[in-house]
Amino acid sequence: MDNFSFSFAPDVRPLAARMRPTCLDEYIGQQHILAPDLPLYRAINAGRIHSLILWGPPGIGKTTLAQVIAHHCDCEVITLSAVTSGVKEIRQSVEQANNTLTSSGKRTLLFIDEVHRFNKSQQDAFLPHIENGTFLFIGATTENPSFSLNNAVLSRARVYTLKPLQNSDIKHAMVRAIEHDEQLSSLTIKISDHALDSLSLAADGDCRKGLNLLEQAIDLAHSSDNNRHIDDAVLAQVLPTHIAKYDKGGDLYYDLISAFHKSVRGSSPDGALYWYARILAGGGDPLYVARRLLAIATEDIGNADPRAMQVALNAWDIFHRVGPSEGERAIAQATLYLASAPKSNAVYMAFNQAKADVAKEKSYEVPPHLRNAPTELMKDLGYGAEYRYAHNEEGAFAAGESYLPYEIHRRQYYYPTERGLEQKIKAKLDYLQDLNLQSDNQRYDAT
């Protein structure tokens, strides 16, 4: 008889894939929804689960949680990616789920990754099969479901928000991998708490990234037989630069912009500068920040400091003239100026109210005294009659005159604040209003 020797190839999957949990006891993080005393944990553990949407950034366990649910519910799993799948694949999945239910009585869990990438017709294609129980549906998304998913889907699947993992969670996952992974446990790995902390910090809430960094560090570590020593030299190679999260076009992109805008509005120069630096570190466009500053200048500063508009415009212009290096600094200077400037939304509020009134009310006629009269016919019709030329009046102000239609002649839109230059504007407008009230030459009567 011939002698045969068998050799088994090592598992070539990345460490993160090899260490993917299969049950709740192994799952790390998300205690705000998966603590043992919470309903979702109890439902999964009992194998009684409903259709759901898992929303959160990459690498925090959405796919893993779906697989854990399938394990506890004893379901067959069909995985689709919304990036590469369409209505055809959904129909095939429905047919497969029906066949599985008929032949074995087992339910099927349909997991759709990046479900927000499905358009309305694709989402509608699996909707009836969620309702009739053909499969248990779990969708994973990095985008806000309220913006990216149909209301019909949202009404049939509960949304759970998953959060970035804590550094301690990622550190726990790395220690667990060193101790329990079949390949790593056969090595003698020397790694300090400091090194584990550095790797978990660089993972930035992403467990998959943390395990990938650990694997790279072990591969680069000094080797003597099966010994691996992860020292500062190894860390310097694995962690040359920390790349900040940005996710342009995703929720984090808008969160960073929102944090920047609110820091400037809240008069926090330090906060505004930090979020600006975060945007730049993630590859964001500095000119988008410059455009946001122009919006802030009119929305949140207004006439409290009208120079804010010019400062923001100058920063934009400097960026184009000198390039990114010095241009980014000019935008930083504008950021600090606007954050430090007095704040007023009086212009913003006045303009919005005027637009709202015009949209909902009738189109009041222009009063005759405000109409143009370029022809004799128009003059005969009273256009421009009794118009008071302000420059011919005392102080260049026609006290008692009105520049609104009669029906709304007492309406006020602009209410200057007591901050910055608007304090002086308010004082002047109050003074002019007193002149109006005291004038014997009123355009409209007191009623």
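What you are looking at is a predicted structure, and each value in this text was computed from that prediction instead of being measured.

### Focus: the overall build of the protein
So, step 1. Along the backbone of the protein there are 20 helices and eight strands.
So, step 2. In terms of C-alpha radius of gyration, the protein reaches 33 Å, well past the compact-globule figure of 22 Å for 447 residues.
So, step 3. C-alpha atoms of the protein, sized along the principal axes, occupy 125 × 60 × 40 Å.
So, step 4. Within the protein, the fraction of its 447 residues that count as buried is 41%.
So, step 5. Sequence separation of at least 24 residues holds for 73% of the intrachain contacts in the protein that already meet a minimum separation of 6.
So, step 6. Distance between charge centroids for the protein: 3 Å, based on 45 positive and 54 negative side chains.

### Section: the pattern of salt bridges
So, step 1. As enumerated under the stated definition, the model contains 24 salt bridges in all.
So, step 2. A salt bridge links Arg-117 to Glu-114, with the shortest nitrogen-to-oxygen separation between them at 3.9 Å.
So, step 3. Of the residues examined, Arg-117 reaches a relative accessible area of 52% and is grouped as exposed.
So, step 4. Relative accessible area serves as the criterion here: at 18%, Glu-114 is assigned to the buried category.
So, step 5. Residue Asp-317 is joined to Arg-321 by a salt bridge in which the shortest nitrogen-to-oxygen separation is 2.7 Å. With Asp-317 and Arg-321 both in helix α16 (residues 307–322) and four residues apart, this pair spans about one turn of that helix.

### Some remarks on the side chain of Ser-439
So, step 1. Here Ser-439 shows up in the segment after α20 (422–438).
So, step 2. Side-chain polar atoms of Ser-439 contact the backbone oxygen of Ala-399, separated by 3.1 Å.
So, step 3. Filtering out sequence-adjacent residues up to four positions away, Ser-439 remains in contact with Ala-399 and Gly-400.

### Quick notes on the sheet that holds strand β3 (residues 108–113)
Strand pairing in a sheet relies on backbone hydrogen bonds. The paired strands run either parallel or antiparallel.
So, step 1. Strand order in the open sheet formed by five strands is β2-β3-β4-β1-β5, with parallel pairing between adjacent strands. Strand pairing shows two members of the sheet lacking a second neighbour, β2 (76–81) and β5 (158–161), which therefore form its edges. Strand after strand, the sheet turns through a mean of 20 degrees between neighbouring axes, direction not considered.
So, step 2. Summarising the sheet, strand β1 (residues 52–55) and strand β4 (residues 135–141) pair through four bridges and their orientation is parallel. Opposite Leu-54, over in β4, you have Ala-140 as the bridge partner.
So, step 3. Lying over the sheet, helix α5 (residues 87–104) contacts β2, β3 and β4, oriented at roughly 180 degrees with respect to β2.
So, step 4. Sheet strands in contact with helix α6 (residues 120–131) are β3 and β4, and its direction is about 135 degrees off that of β4.

### Remarks on α20
So, step 1. Compared with an ideal rise of 1.5 Å per residue, which puts 17 residues at 24 Å, α20 spans 24 Å between its outermost C-alpha atoms and is within 8% of the ideal.
So, step 2. Within the span of α20, buried status applies to Glu-422, Leu-432 and Asn-436. Seen end-on, α20 carries its buried residues on one side only, within an arc spanning 85 degrees. Of the residues in α20, the exposed ones pointing more than 90 degrees away from the buried face are Lys-424, Tyr-431, Leu-437 and Gln-438.

### Here we look at the environment of Pro-36
So, step 1. Along the chain, the position of Pro-36 falls in the loop between α2 (31–34) and α3 (39–45).
So, step 2. With 355 residues separating them in the primary sequence, Pro-36 and His-391 have C-alpha atoms 78 Å apart.
So, step 3. Apart from the residues lying within four places of it in its own chain, the contact partners of Pro-36 are Gln-31, Tyr-41 and Arg-42.

Cut-offs used in this document
By convention here, each chain's residues receive numbers from 1 onward along its written sequence. Thresholds applied to this predicted model are a pLDDT of at least 70 for local features of residues and 80 or more for the giving and counting of side-chain atom pairs; totals over whole chains, interfaces and linings are not thresholded and use all residues. Calculation of side-chain values draws on the structure's entire complement of heavy atoms; hydrogens and water are dropped beforehand. The helix count covers DSSP runs of H or I at least four residues long, the strand count covers runs of E at least two residues long, and both are numbered beginning at the N terminus. As defined in this context, the radius of gyration uses C-alpha atoms, and a globule is described by 2.2 Å times the residue total to the power 0.38. The classification of residues rests on relative accessible area computed with a 1.4 Å probe and restricted to protein chains. Under 20% of the type maximum is buried, over 50% is exposed, and intermediate values are partly exposed. Throughout, a contact is declared for two residues whenever any of their heavy atoms are within 4.5 Å. Note on charges: Lys and Arg go in the positive column, Asp and Glu in the negative column, and His and the chain ends are not counted at all. To locate a charge, take atom NZ for lysine, CZ for arginine, CG for aspartate or CD for glutamate. Note on definitions: salt bridges are taken to be side-chain nitrogens of Lys or Arg within 4 Å of carboxyl oxygens of Asp or Glu. Any N or O atom pair separated by 3.5 Å or less is treated as a polar contact, with the protein-specific requirement of one donor-capable and one acceptor-capable atom, and with residues adjacent in sequence counted only for side-chain atom pairs. Paired strands, as defined in this entry, are two strands with at least two bridges between them according to DSSP. Angles here are taken between N-to-C directions and fall from 0 to 180 degrees, while the axes themselves are lines fitted to C-alpha atoms, restricted in helices to the stretch in contact. Between the first and last residue of a helix there are one fewer steps than residues, each counted as 1.5 Å, and that sum is the expected span. Directions are taken from the helix axis to each C-beta atom, and the arc is the one they span.

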